[in-house]
Every structure is written in structure tokens, then in C-alpha cells.
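In case you want the letters, here they are:
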Amino acid sequence: MLAPPKRLIDVEIDGETVRVPEGATLLDALRAKRVDTPTLCYSENLTPVNACRVCVVELEGSRTLVPSCARKAEGGMQVATDSQRVRTSRRMVLEFLASSVDLSLANDDVRRWISDYGVDAERYGEQAAPAPLGERDTRHAGHHHEPDGTRAETVAQPVKVDNDLYVRDYERCILCYKCVEACGVDAQNTFAIAVAGRGFDARISTEFDVTLPDSACVYCGNCIGVCPTGALMFKSEHDMREGGTWNEEAQTVTETICPYCGVGCDLELHVQDNEIVKVSSPLDNSITSGHLCIKGRFGFQFVQNRGPKDADAAARGLGIVEGPADRIARDTGDPDA
């Protein structure tokens, strides 16, 4: 059944009128007018959480800048997107992130915004040395060490590798909350990860900071699918980057349907050197909205089992490497888990 038509409302963007359906956000209006608006924590398949504040705009009559991703458009609104106030706010957000987080794997849009807004992360000084593994996870709110003022504090720390499917590289984490939303009510409803700590010591964590194999994580990988900076990454991709063999320009993407059940999720197989290196799903797919289960996301190894010694793995159906998936199936008693 078709939804009833929505009333159209007029919003003034930078002096020009834009007409959008009632219920649309200011970001929808900006995109309808093709205004290039930075976003980091926003995604079409997640609930806006207003975490990054880089999409803010100036709204006539509002004391503060408003996040365009979450603010609903109202008839007669007057919005400025390129005022000095807006540009300064966006530059500061990007500058703080660039000075404290490794953004080298962020997408081209982020690098373009950093350039367009004149970000100068080096003015905060040389970056401080990385924290030892696990040290940031032990910090308590309100117990900050006093900075010496000569170096920029960072979230740099060793990569967490504790399972066979994906790694957590939190020196790339911008705390956009996308992974938390995907693990929660927006997709998986597992709630295996959340934000711990406060202020600069805030970080993504499992309950009691246990390793992923000991947490409630079901390894759907939907957190990887929404991560904008590479903080959460397929282990296959991480290993190839470490080995210097990861080459996105040499990769092809093949669309197919997941063979594991009758739901019919769309898969995008990223292939390099005739091997599947990772799997994703398009955000605009009506079935998945970009989200997958553990089988769709990680169960691709059987495709590459070409020798007789791999027959047993292929016959098991899962075909994924020994590790979390086998543990889940064993613990639940459900071979299809």
C-alpha cells in the first residue's frame, strides 16, 4: 500500500527557497539544494545522534547552531550554511579530530572538507606518543593527567586483535556512535558495545572491557559496515594492509544474493587477485539497508576453498574460519546461528 502524500513546506536556504516534504530534516533540504554539507556521524540507515556536530547550520532565531541531520524542517525557516560562524565551528570540529585521531583511512569527502575549511591540525603541536595497549581503557572520568602544553593529546594506541573476523583500531575512532547504533536498536539489537568514560577519555567498549569473544558480540559485522574511518575493519583487510598487499584500485565489486537462507540479502563481494577480501551490502537495499548477519558478512571463505583438503569445511556449510562463529553455534546449539 502506498503511503499518503505529504504536505510540502518551503525552507529558505542561503536566501533561496527549497521545497521539501513535511517531516524532512534540514539536511534533506540542503541535499535537495545540492549544498555540500559535511557529515561524520550521520548515515541514512541509522538514527541521528548529533555526535559530531560537523553538519551544523545557522538558523534564524536560534541561539545556537543546530545539527542539520536531526533538526526537522519547518515552513518559513531561514538557514545559513556558509556563514563565518558555521565555517569556524566546522573547522574546529575537524581540526580537533585531525589533531587527535588517525584519519588517514577516512573517505575522500573528509579529506576534501579538511582542505575546504582550512584545517590546521599541526598548530596544536606534535602528537603525543601512543598509549600502551589497554591503558586508555583503565582511565576513569575526571582523572585526567595534566598536559604539558607542547604536544597534542591523541587517542593513539595499539590495534586490538582478539578474533578471526575483525579488528578494532581505536586510534582511528572519532566516537561517531555509528557502531553503537548499529549494534543496538537500529540493526542488530545486541548491545554488545557502548561508550565508556567521559570527555577526552570516552571510548567505545564492550561490557567491562572484555575481549570480543567473551562479550555479547554475535559478529554480524554491522559495526564495520557503518564505521567511517576504518577503526573497525575486516581482519582480512587489516592483514593485507599490514602486509602491503591491500589495493582498492585493483579490486572489483560483484553483486550477488546471499545463499545462506531465503531472505535474499544483497551482497557486494569485494574481490582482489581472484579472492574475496570483504563483503558489504548497499545502504539503499530495501531488505538489508546495508546490514547483514554473520554468515552474509563473513561466511565467504567456502567460495575460495578449492582443494580437497577444504572439502570438510565446505561441507559444514558455514565455511568460515575456526573462531567466534563456531563458538556461537556451539554455545547456542543452533548450527544455523
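Structure's up top.
Below, the structure is looked at part by part. (Residues numbered from 1 in each chain as written. Predicted model: local features only at pLDDT ≥ 70, side-chain atom pairs only at ≥ 80, totals over all residues. Heavy atoms only, no water.)

## As for the sheet that holds strand 4 (residues 66-67)
Turning to step 1, where the next piece is worked out: Ordered by their spatial adjacency, 5 strands build an open sheet running 2-1-5-3-4, and the pairing between neighbours is mixed. Edge positions in the sheet fall to strand 2 (16-21) and strand 4, since each has one partner strand and no second.
Turning to step 2, where the next piece is worked out: Inspection of the sheet shows strand 3 (residues 56-59) paired to strand 5 (residues 78-80) by 2 bridges, in the antiparallel sense. Each residue of the ladder has a partner; that of L59, found in strand 5, is V79.
Turning to step 3, where the next piece is worked out: Packing against the sheet, helix 2 (residues 84-100) makes contact with strand 3 and strand 5, and its axis sits at approximately 160 degrees to strand 3. (Pairing = 2+ DSSP bridges. Helix = DSSP H or I, 4+ residues; strand = E, 2+ residues; numbered from the N terminus. Contact = heavy atoms within 4.5 Å. Axes fitted to C-alpha atoms, helices over the stretch in contact; angles between N-to-C directions.)

## A look at the sheet that holds strand 14 (residues 275-280)
Turning to step 1, where the next piece is worked out: Taken in spatial order, the 3 strands line up as 12-13-14 in an open sheet, and their pairing is antiparallel. What marks the edges here is a single partner per strand, and that holds for strand 12 (252-257) and strand 14. For this sheet, the mean inter-axis angle between neighbouring strands, taken without regard to orientation, is 35 degrees.
Turning to step 2, where the next piece is worked out: Relative to strand 14, strand 13 (residues 266-272) is paired through 5 bridges, and the arrangement is antiparallel. By the bridge assignment for strand 14, E268 is matched with S280.

## A few points about helix 3 (residues 108-116)
Turning to step 1, where the next piece is worked out: Its side-chain oxygen placed 3.1 Å from the backbone nitrogen of D109, N107 serves as the N-cap of helix 3.
Turning to step 2, where the next piece is worked out: Note on helix 3: the residue one or two positions beyond its end, G118, has a positive phi of about 65 degrees. (Polar contact = N/O pair within 3.5 Å; in protein donor to acceptor, adjacent residues only side chain to side chain.)

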